[in-house]
Every structure is written in C-alpha cells, then in structure tokens.
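# Descriptive analysis of the structure
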Amino acid sequence: MSPPRTLLDRLWSAHEIVSHADGKSLLWVDRHLVHEGSHHAFAKLKARGAKLAEPELTFAVVDHYAPTRRHGQIADPRITRMLQTLRRNAEDHGIRLFDLDDREQGIVHVIGPEQGLTLPGLLINCGDSHTSTHGAFGALAFGIGATEVAHVLATQTIWQMKPAAMRLQIDGALGPGVSAKDIALNWISRLGTGGAKGHAIEYAGNAIRNLSMEGRMTLCNLSIEGGARMGMIAPDETTASYVKGRAFSPRGSAWDRAVEAWAQLHSDNEAEFDRDVRIDGADIAPTVTWGTSPEQALPVTANIPDPASEAHGNAQAVRDALDYMGLSAGRPIEGTPVDQVFVGSCTNGRIEDLRAAAAVLAGRKSKVPGLVSPGSSLVKAQAGQEGLDQVFIQAGLEWVASGCSMCVGMNGDLVAPGKRCASSTNRNFRGRQGPGALTHLMSPAMVAAAAVTGTITDVRPLLTGRTA
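No experiment lies behind these values; they were computed from the predicted model shown.

## Regarding the overall build of the protein chain
For the protein chain, the helix and strand inventory stands at 16 helices and 19 strands. Each principal axis of the C-alpha distribution contributes one length, and for the protein chain these read about 55 × 55 × 45 Å. Split into buried and exposed, the 468 residues of the protein chain put 59% on the buried side. Of all intrachain contacts in the protein chain linking residues separated by at least 6 positions in sequence, the fraction that spans at least 24 positions is 76%. Carbon and sulfur atoms make up 50% of the accessible area of the protein chain, which totals about 18,200 Å². Each charge sign in the protein chain was given a centre, from 45 positive and 48 negative side chains, and these centres are 4 Å apart.

## Section: the packing of helix α2 (residues 39–47) against helix α3 (residues 77–93)
Viewed as axis vectors pointing N to C, α2 and α3 meet at an angle of 45°, and their least axial separation amounts to 10 Å. Here α2 lies oblique to α3, going by the angle between them. Of the two possible hands of crossing, α2 and α3 adopt the one that is left-handed. Taken together, the residues of α3 that come into contact with α2 (itself represented by H39, F42 and L45) are M82, T85, N89 and H93. Here the residues of the contact of α2 with α3 are counted per class, giving three nonpolar, four polar and no charged.

## Section: the pattern of salt bridges
Per the stated rule, a full pass over the model turns up 15 salt bridges. A salt bridge links D9 to K162; the nearest nitrogen and oxygen atoms lie 2.6 Å apart. With a gap of 153 residues between them, D9 in helix α1 (residues 7–15) and K162 in the loop between β8 (157–161) and β9 (164–171) connect regions that are remote in the sequence. On the basis of relative accessibility, which here comes to 22%, the residue D9 falls in the partly exposed class.

## Description of the packing of aromatic side chains
For the structure on display, the rule yields four aromatic pairs. Summarising the aromatic geometry, the rings of F59 and F248 are spaced 5.5 Å apart at their centres and angled 80° between planes, so their arrangement reads as edge-to-face. A residue pair is termed long-range when its members are at least 10 positions apart, and F59 in strand β4 (residues 58–61) and F248 in the loop between α9 (237–243) and α10 (253–262) qualify at 189 residues. By relative accessible area, F248 is classed as partly exposed at 34%. Directly above the aromatic system of F98 lies the positively charged group of R96, at a separation of 3.9 Å from the ring centroid.

## A short note on the sheet that holds β8
Pairing between sheet strands relies on hydrogen bonds along the backbone, with the strands arranged either parallel or antiparallel. Reading across the sheet, the three strands line up as β1-β2-β8 and stay open at both edges, with antiparallel pairing between neighbours. Edge positions in the sheet fall to β1 (16–19) and β8, since each has one partner strand and no second. When strand polarity is set aside, the average angle formed by the axes of neighbouring strands in this sheet is 25°.

## Focus on unusual backbone geometry
Here Q156, not a glycine, exhibits a phi torsion of approximately 60°, which is positive. Summarising the element assignment, Q156 is placed in the loop between α5 (146–155) and β8. Located in the positive-phi region is S345, a residue other than glycine, with phi close to 95°. Position of S345 among the secondary structure elements: in helix α12 (residues 345–348). The class for S345 is buried, based on a relative accessible area of 0%.

Cut-offs applied
Residues numbered from 1 in each chain as written. Predicted model: local features only at pLDDT ≥ 70, side-chain atom pairs only at ≥ 80, totals over all residues. Heavy atoms only, no water. Helix = DSSP H or I, 4+ residues; strand = E, 2+ residues; numbered from the N terminus. Buried < 20%, exposed > 50% of the residue type's maximum accessible area, 1.4 Å probe, protein only. Contact = heavy atoms within 4.5 Å. Areas by Shrake-Rupley, 256 points an atom, 1.4 Å probe, with all protein chains shown as cover. Lys, Arg positive; Asp, Glu negative; His and termini not counted. Charge placed at Lys NZ, Arg CZ, Asp CG, Glu CD. Axes fitted to C-alpha atoms, helices over the stretch in contact; angles between N-to-C directions. Parallel < 35°, antiparallel > 145°, perpendicular 65-115°, else oblique. Left-handed = near helix turned anticlockwise from the far one by under 90°. Nonpolar A, V, L, I, M, F, W, Y, C, P; charged D, E, K, R; others polar. Salt bridge = Lys/Arg side-chain N within 4 Å of Asp/Glu carboxyl O. Phe/Tyr/Trp six-rings, centres within 6.5 Å; stacked < 30°, edge-to-face > 60°. Lys NZ or Arg CZ within 6 Å of the ring centre and 35° of its normal. Pairing = 2+ DSSP bridges.

Distances and angles like these do not, on their own, reveal function.
Here it is in structure tokens:
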C-alpha cells in the first residue's frame, strides 16, 4: 500500500513531469492567466523569437490598470499604453482576452472561477501573488515572476520546489458578523506574516466546510499574506455546485467523470503535515488592521498595542507603524475616524461581499465618501439585478466598474496622502493605495459599518435584526 498522502501530494504528483536531485520539479501548467503586468514576459518571448506553447491554455485579462470610470477617453497615457500592449500581445499569440469592454471583464482572480477556468485538480499560474485564490477549488495555484511567466508561455511548464505541507484547521461556529476575511486576518495576526513561510496551507475543519465558495476564495487569497506559497481547500459538494454550468466547465459525461475524479482530491486521514495549527472559530471576532502589515491586526474591540509591551525585536516595528498610521498606543481601535471607504478587489469583490456590505448600508447613509467596485462585469450586472447598486448609491457611495481599483492604485483610484481608508482589500503596506495613504483592512461588512458611522466600528450591533 502507498503511504498516506496530503492533498498537496496528490496535486503535485499529478502534474510532475520530472524531478531533479536538487528537489525541483518540472510541472505541467493547466491554466496560465496573464494581465497587463505580463508585458515583460511577452517581450522576453519576442526577443527569442518564440511562440506560445499552448495558446488555448492561456487567458489574458485587463484588471490592474482598468479604469473604473469608463467614460470617454482614458486620461492617463501610461494606462492606455499598458492596455494596448496587452491587446497586441493577445492578438499576436491568439490568446482569449477579457478586454475592458468585454461583458465578462473583471479581476483575473474573480473571472477565473466565474468562467469555470478554475477547476479542481488543475495547476494554475499567473504573474500575480494572489493566484493562491484559485486553491479554494482544490487546485494547485500560485503566483510566479516575470521570468517564470515567460517560461510558462514558451513551454506550458514551470520549475518549482515543492513546499512543505501545513494544515490550518478551523473548527467551531463563527459568530455573527465574522467572515472569511476575519479568519484570515486572525490567523495571520497570530502566526505573523512569516508564519506559513515555505508552506502550502490546506484549510480544514467544519468552519471551513461551512464557508461558501466566495468565502473560501477570500481565505485562500490571503494565504500569501501569512507567507504561504499557496492555500487550498479540498473540493466538495459546495465546490461542484459553484462550478457546474460555467462557461469552461465540463459538461455531460465529462462532468460526471470530473466529479468522480474530484472526489479523490483530499488528504488521507492518516496523512502527516509538516505543521498543524488549530483555531477555534468561536474565538474569532470581526478583525481590523491597525498597522502597515496584515499581521498588525486585532479584534475591533481591542486596544491598539503599546510598543513598550512588545518583545524587543518587535517594539520598533510597532512604533514605526503607529507613527505612520497616526495612532496612539493603548487607545481603542474602535472609534478611529476614517476619511473614506472602499469595497472591492480580488479578495472581497464578489457578489457575496457586495451583499454583506449592502446588508449593513440598506436604509442608511454613509458619513464619508467611498467607492464600490465589483470584481467583474458579471458581478456588477448581478448586483444590479438584486438592487444592490441602488443601496450603495442611495447610501452616498460611488458605484463604478470592475477592476483592481483602489486595492493597488495603478488605475487612478487612489487614497490621498494622509487620508485614512477602511478597505476590503488585501494589503495595508505603506503607499499601497497611494503615497501616504493610511489603510485599515477589514471585511466588506466592517467597511460598510465604517461608512455608516465615519469611524472604525464593530459591525455586529448594526446587524441586529438584519441578515448579514
């Protein structure tokens, strides 16, 4: 009998073409997703006179530089140039492009699953760190650099060192107002941004099984913020229900065979992990970041940390973060005024995220300006059908088109220097949302609560008598 295997073992061996003595494996790539930032890789390909190995397995997406206000000519010539370069590369190589005016356009990590390009058992690469999102489907998914993107384009393979396996088990029931975003920020704050370094995380436990696919994608998306190479969740009925009937999903007898194969994608009961972490879901509260790293997060009811009480090696980092963020040690994080809010990104721009924010905002007015950018054009259309757009507009927020928007600030959507933003995005690094911007990460529902009160606020009292 073969030894017990983890989900990582199964996915890795299914894609391994050859392995070297140095530990590196040559892996077959089932889906390669590219966006505007992949122009360096295409240039390398052109310089060598090479063609794409498998154009039908490569898909191009306009997202990072996509203007979310689609009115007239794009004002910034640099954005225009980036979009035109992607269009030219897609046309030259015969790649399917989800362009700016495509009814199925959106953020790469939103439309991959939405289109059924993301399926259990696949190996998926993209020149973007948050490719870990796709692991929510039981896929082997990780971001790669420009040189690696060029290698995949030319060969449809990638050299990779197999990471160690880590199981992060969340059991117990999540409380009201607690979401996958809170799970992620909670474990990252506990373990640190290097807590899962060199590992592939498999999320397990009944709290994970009870998450929707949108929640699972949020959790896997944020895996890399804790240092992980990738995150993954074994597929189940929730996975199959989400995938069924999507544009690129199997159909007919192929669907039946696929579902049968997906049932084998799990860790054996006796499988051993290099690291095992367990967290009680009941201990997780709505969580918000206070500093300049995702690990600098705490329950919304807690006080801002004091550098004097930190370990010697961490005290200066806390002091620097508080100085940049303009916060005082020992004070409650709740009640901190915000200048604006943002709902969107590949972390929290799906329909479930918009519903969660709208549930808080319905019948209320925002005290601060804000932006809501759906993760794709299809999500925007569905939100319109459900009347969510009107909730945001009536609350006084700006309802814009899909794109990475204010997550990364490459497209004109910026937080002004010194302004504080409650954001549903994935990184609160200095300058991430614009030079001098002050970013607090939180769930979409918590962003909505901040909008309603004008401060960082515990969303739970606002949900009383409402459906979250």
